[in-house]
Amino acid sequence: KMTITAKELSISIKSGTDMTNIRHNNRTLTEKEYAMPEHNHIIREKSKHNIVVQQMDIKEAYHMLFDDKVEAYNAKQKRADRKIDDYYKKVRKSGTLNLQKELIVGLGAKEDWDKMTFNEKIEGGKVIEQYLKEFMEANKDHIFVYNAVIHLDQAGAPHAHVNYIPLAPGYKNGIETQPSFSKALNQMGYKGKGKFPFIQFREAEVKRMEAILNDLGIKRKLGETNKDPNVQAYKQRKDLE
C-alpha cells in the first residue's frame, strides 16, 4: 500500500541539456569525480536506493535500432563512398539529427519532501518508476529509452534522468528511420512550430503521471516543481535566498 501522506504534489517534466552525463546519472563516478563540487549534492549512503529502470550502452542501442536499416541502405548503394560504416559516428557529426536527448522527470517540490520521511520518498520514486514504464510502452515506436535512473540520493524531490534516442521512420533519403526528435514529435501527432510540439508532448506526459497520482488519491498541484531544470541549481538558489 502506498504511504505518501501528501494530499497534492506537483509534476515536473523538462528537457535536459544535450550535454548529458550518463556516469553521473548512473553514479558510476570515480572517487576523484565524487570529490568535485558539482557532485557534492549526492548523499552517497542513499545511492543504493536509486531505482534503475533501464541501462544500456548508447552504442549498443544504436546497433540494435539501426544496423538492419543501415544494411538495407548500404545494399542499395552502387558507390562504396556512399555506404555508411558507423551510424552512431555519422549521427554524432550530423548537425540536424539528435544522437540522444534527456528528460528530467520530478515529483513534488523540496518543501513537500522535507515534511515527509525517506520511506515516503522511496514510494515517490516508485510512482516515477510506474510512470516511466508506461511512458516507454506508450511511446516505444518513436522514443527508445536506453538509460533511465530515479535519484533518491539528493536533497529535495525524487526525480529521474531519462536518456532516449528519438525514432522517426519514413525517410526517403538516407536510412529509412533516423533519430530526429522534431520529426518524431510530429509523427506522434504533436504539430506546430518551434517549441509548441514539445509543449504539447510534455502536457500529455504530465497528464499520464497525473492519472497515476490520482489512482493513489493524490492530486496534482499546479505550478512548477522548481524553476531550474536541475535540483542542484535549485538548491543553490534556495541557499542564496
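Being a predicted model, the structure only gives us computed values, none of them experimental.

## A look at the overall build of the protein
Secondary structure summary: the protein contains 9 helices and 7 strands in total. On C-alpha atoms alone, the protein measures out to a radius of gyration of 20 Å, which is about the 18 Å that the 2.2 N^0.38 rule sets for 241 residues. Its C-alpha atoms give the protein principal-axis dimensions of about 65 × 45 × 35 Å. Per-residue burial over the protein gives 48% buried out of 241 residues. On the protein, roughly 13,300 Å² of surface is accessible, and the fraction owed to carbon and sulfur atoms is 51%. Side-chain charges in the protein split into 42 positive and 34 negative, and the spacing between the mean points of these groups amounts to 4 Å.

## Section: the pattern of salt bridges
Any two side chains of opposite charge can pair if their charged atoms end up close together. Applying the stated criterion to the full structure yields 14 salt bridges. Among the salt bridges present, the one from arginine 44 reaches glutamate 31, with a minimum N-O distance of 2.9 Å. Within this pair, whereas arginine 44 is found in the loop between helix H2 (31-34) and strand S3 (51-55), its partner glutamate 31 is found in helix H2, the two being separated by 13 residues in sequence. The salt bridge involving aspartate 114 is made with lysine 110; its shortest N-O contact spans 3.0 Å.

## Regarding the packing of aromatic side chains
Per the stated rule, a full pass over the model turns up 11 aromatic pairs. Taken together, a centroid distance of 5.1 Å and an interplanar angle of 45° make the contact between tyrosine 62 and phenylalanine 66 tilted. Residue tyrosine 62 and its partner phenylalanine 66 are both found in helix H3 (residues 58-76); the two are separated by 4 residues, about one turn of the helix. Judged on exposure class, the residue tyrosine 62 and its partner phenylalanine 66 are both buried. Seen in terms of ring centroids, tyrosine 62 and tyrosine 88 are 5.4 Å apart; in terms of plane orientation they differ by 85°. Their pairing is edge-to-face. Remark: tyrosine 88 occurs in helix H4 (residues 87-93) and tyrosine 62 occurs in helix H3; sequence separation between them is 26 residues. Summarising the burial analysis for this pair, tyrosine 62 and tyrosine 88 share the class buried. Three or more aromatic residues joined by ring pairs form one cluster here, namely Tyr131, Phe135, Tyr164, Phe181, Tyr190, Phe198 and Phe201.

## Digging into H3
Compared with an ideal rise of 1.5 Å per residue, which puts 19 residues at 27 Å, H3 spans 27 Å between its outermost C-alpha atoms and is within 8% of the ideal. At phenylalanine 66, H3 shows its maximal bend, which comes to roughly 55°. Turning to H3, its buried residues number three or more, namely Ile58, Ala61, Tyr62, Leu65, Phe66, Val70, Tyr73 and Asn74. Considering only its buried residues, H3 is in contact with H4, strand S5 (143-151) and strand S6 (159-166). Capping of H3 at its N-terminal end is provided by aspartate 57; its side-chain oxygen lies 3.0 Å from the backbone amide nitrogen of lysine 59.

## So, the sheet that holds strand S2 (residues 11-15)
As summarised here, the arrangement of the 5 strands in space is S2-S4-S6-S5-S3, forming an open sheet in which the pairing is antiparallel. Looking at the sheet topology across the chains shown, the edges are occupied by S2 and S3. Direction aside, neighbouring strands of the sheet carry axes that sit 20° apart on average. In this structure, strand S4 (residues 101-107) lies alongside S6, joined through 6 bridges in antiparallel fashion. By the bridge assignment for S6, glycine 106 is matched with histidine 159.

## Some details on the nonpolar core
For soluble globular proteins, nonpolar side chains are generally found buried alongside one another. Core analysis: the biggest nonpolar cluster contains 38 residues, and Leu132 and Phe201 have the highest contact counts within it. Among the elements of the structure, S2, S3, S4, helix H6 (118-138), S5, S6, helix H7 (181-187) and helix H8 (196-215) are those that each provide at least two residues to this core. Contact partners of phenylalanine 201, with chain neighbours within four places excluded, come to Leu103, Phe135, Asn139, Ile143, Phe181, Leu185, Met188 and Tyr190. One finds Ile84, Tyr88, Leu97 and Ile175 within the second-largest nonpolar core, a separate group that totals 18 residues.

## Describing the pairing of S6
Most of S6 is tucked away, with 8 of its 8 residues classed as buried. Neither face of S6 is exposed, since His159, His161, Asn163 and Ile165 on one face and Ala160, Val162, Tyr164 and Pro166 on the opposite face are all buried. Where S5 meets S6, 8 bridges bridge the pair, whose relative direction is antiparallel. Directly across from alanine 148, in S6, lies its bridge partner valine 162.

## What about the pairing of S2?
Among the 5 residues that make up S2, 4 are buried, leaving the element largely enclosed by the rest of the structure. The sheet contact formed by S2 and S4 spans 5 bridges and is antiparallel. Looking at the pairing, lysine 14 lines up with isoleucine 104 of S4.

About the cut-offs
Residues numbered from 1 in each chain as written. Predicted model: local features only at pLDDT ≥ 70, side-chain atom pairs only at ≥ 80, totals over all residues. Heavy atoms only, no water. Helix = DSSP H or I, 4+ residues; strand = E, 2+ residues; numbered from the N terminus. Rg over C-alpha atoms; globule rule 2.2 N^0.38 Å. Buried < 20%, exposed > 50% of the residue type's maximum accessible area, 1.4 Å probe, protein only. Areas by Shrake-Rupley, 256 points an atom, 1.4 Å probe, with all protein chains shown as cover. Lys, Arg positive; Asp, Glu negative; His and termini not counted. Charge placed at Lys NZ, Arg CZ, Asp CG, Glu CD. Salt bridge = Lys/Arg side-chain N within 4 Å of Asp/Glu carboxyl O. Phe/Tyr/Trp six-rings, centres within 6.5 Å; stacked < 30°, edge-to-face > 60°. Expected span 1.5 Å × (residues − 1). Bend = angle between axes of the 7 residues up to and from the residue. Contact = heavy atoms within 4.5 Å. Polar contact = N/O pair within 3.5 Å; in protein donor to acceptor, adjacent residues only side chain to side chain. Pairing = 2+ DSSP bridges. Axes fitted to C-alpha atoms, helices over the stretch in contact; angles between N-to-C directions. Core = buried A, V, L, I, M, F, W, Y, C linked by side-chain atoms within 4.5 Å.

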